[in-house]
Amino acid sequence: MNIALLRNQFDNATKGNHKRMISASTDHFDKLSMVAASDVVVNGFYQVALPAFQKYIAKYAEVQTNYNLYQGQTQLFEDEIVLLRSTLIRKWDVIIQNEYDETSAQYKMLLPNGRAPFQNNPYDLRLSSVASLLASVQSMNNPNLATLASNIDNWLQTTKQLRTTQQGTEASDAILRQELEQARKDLATAMHLVFFQLCVHYYANLSKVETF
């Protein structure tokens, strides 16, 4: 027996390449559908395998949609981080310096390391620095800094929510990709079965199998 025939060529050819599975399976099922319309036996093969194909196509679209959403959410969050680095911390620093000289103890309580923690650290550490600044400004209980505290709080809450949403979508992406891979394997198994069924159906003229 040719052991190679037992290997699932559809699985092997599409591992790590979901676009290839989309192309190969769509072509295969389109051809099956055409013959199934006039051949009741082939239609039986087609109907049994069709759910695996439909599930894979739907899951692939779901992964793409979720990834596009993730990309957009990432940009929204990163836009806020850029705003913090380039504009907001500068404005906040100027407002603070209008109240406290940068050599004063009060200034050091608010911005002990200047603007650097808001511009150079990993994203989540920058958020932590903003939260620390907010708490310090509030603890000063300076009415001239009340508007600043409110502005910092509004930015922080909005940006934290963007981060939470983005990371939630990222987690969904990992799960969906695992489900997509399982759907690919299931579809490859279904296509492998159809291959053998077609070989039996066209045993007298195996060249017809190649047309599928």
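Small disclaimer: the values here were computed from a predicted structure and weren't measured.

What counts and what doesn't
- Residues numbered from 1 in each chain as written.
- Predicted model: local features only at pLDDT ≥ 70, side-chain atom pairs only at ≥ 80, totals over all residues.
- Heavy atoms only, no water.
- Helix = DSSP H or I, 4+ residues; strand = E, 2+ residues; numbered from the N terminus.
- Rg over C-alpha atoms; globule rule 2.2 N^0.38 Å.
- Buried < 20%, exposed > 50% of the residue type's maximum accessible area, 1.4 Å probe, protein only.
- Axes fitted to C-alpha atoms, helices over the stretch in contact; angles between N-to-C directions.
- Parallel < 35°, antiparallel > 145°, perpendicular 65-115°, else oblique.
- Left-handed = near helix turned anticlockwise from the far one by under 90°.
- Contact = heavy atoms within 4.5 Å.
- Phe/Tyr/Trp six-rings, centres within 6.5 Å; stacked < 30°, edge-to-face > 60°.
- Nonpolar A, V, L, I, M, F, W, Y, C, P; charged D, E, K, R; others polar.
- Core = buried A, V, L, I, M, F, W, Y, C linked by side-chain atoms within 4.5 Å.
- pLDDT = per-residue confidence, 0-100.

Caption draft 1: Spotlight on the overall build of the chain. A count of helical and extended segments in the chain gives 7 helices and 0 strands. Order of helices (α) and strands (β) in the chain, N terminus to C terminus: α-α-α-α-α-α-α. Over its C-alpha atoms the chain spans a radius of gyration of 30 Å, topping by over 25% the 17 Å that the globule rule assigns to 212 residues. Along the longest, intermediate and shortest principal axes, the C-alpha atoms of the chain span 95 × 30 × 20 Å. The buried share of the chain, reckoned over its 212 residues, is 36%.

Caption draft 2: Representation of unusual backbone geometry within the structure. One non-glycine residue, asparagine 141, lies in positive phi territory at about 55°. Among the structural elements, asparagine 141 can be located in the loop between helix H6 (123–140) and helix H7 (146–201).

Caption draft 3: Region of the structure containing the packing of H6 against H7. The interhelical angle for the contact between H6 and H7, taken along N-to-C directions, is 155°, at an axis separation of 10 Å. Between H6 and H7, the interaxial angle falls into the category roughly antiparallel. As H6 runs across H7, the sense of the crossing is left-handed. Contacts between H6 and H7 involve Tyr123, Asp124, Leu127, Val130, Ala131, Leu133, Leu134, Val137 and Gln138 from the first element and Leu148, Ala149, Ile152, Asp153, Trp155, Leu156, Thr159, Lys160, Arg163 and Gln167 from the second.

Caption draft 4: The arrangement of the packing of aromatic side chains in detail. Per the counting criterion, the structure on display carries 6 aromatic pairs. An angle of 50° between the planes, with centres 6.3 Å apart, marks the rings of phenylalanine 29 and tyrosine 46 as tilted. Remark: tyrosine 46 occurs in helix H3 (residues 40–99) and phenylalanine 29 occurs in helix H2 (residues 18–36); sequence separation between them is 17 residues. A residue is classified by how much of its surface remains accessible, and tyrosine 46, at 13% relative accessible area, is buried. An angle of 75° between the planes, with centres 6.2 Å apart, marks the rings of tryptophan 92 and tryptophan 155 as edge-to-face. Residue tryptophan 92 is located in helix H3, and its partner tryptophan 155 is located in helix H7; the two are separated by 63 residues in the primary sequence. You'll find tryptophan 92 and tryptophan 155 in the same group, each marked buried. Put simply, the rings of Phe29, Tyr46 and Phe53 pair up and form one aromatic cluster.

Caption draft 5: Molecular detail of the packing of H2 against H7. At a closest axis distance of 11 Å, the pairing of H2 and H7 adopts a crossing angle of 35°. Judged by the twist between their axes, the crossing of H2 over H7 is left-handed. Residue-level inspection shows His18, Met21, Ala24, Ser25, His28, Phe29 and Leu32 of H2 in contact with H7, the latter providing Leu180, Glu181, Arg184, Leu187, Ala188, Met191, Val194 and Leu198. For the contact of H2 with H7, the residue count by class is 10 nonpolar, 3 polar and 2 charged.

Caption draft 6: Layout of the nonpolar core. In this structure, Phe29, Leu32, Tyr56, Leu187 and Leu198 are the most contacted members of the largest nonpolar core, which totals 29 residues. It is H7 that provides the largest number of residues to this core, a total of 11 residues. Residues contacting leucine 187, with those up to four places away along its chain left out, are Met21, Ser25, Phe29, Ala52, Phe53 and Tyr56. In terms of nonpolar packing, the next biggest core, distinct from the first, is built from 23 residues, Leu84, Leu110, Phe118 and Leu145 among them.

Caption draft 7: The arrangement of the confidence of the model for the chain in detail. Taken residue by residue, the chain gives an average pLDDT of 93. The fraction at 70 or more is 97%. The element-level mean pLDDT for the chain is lowest in helix H1 (residues 9–14), coming to 86, with H6 highest at 97.

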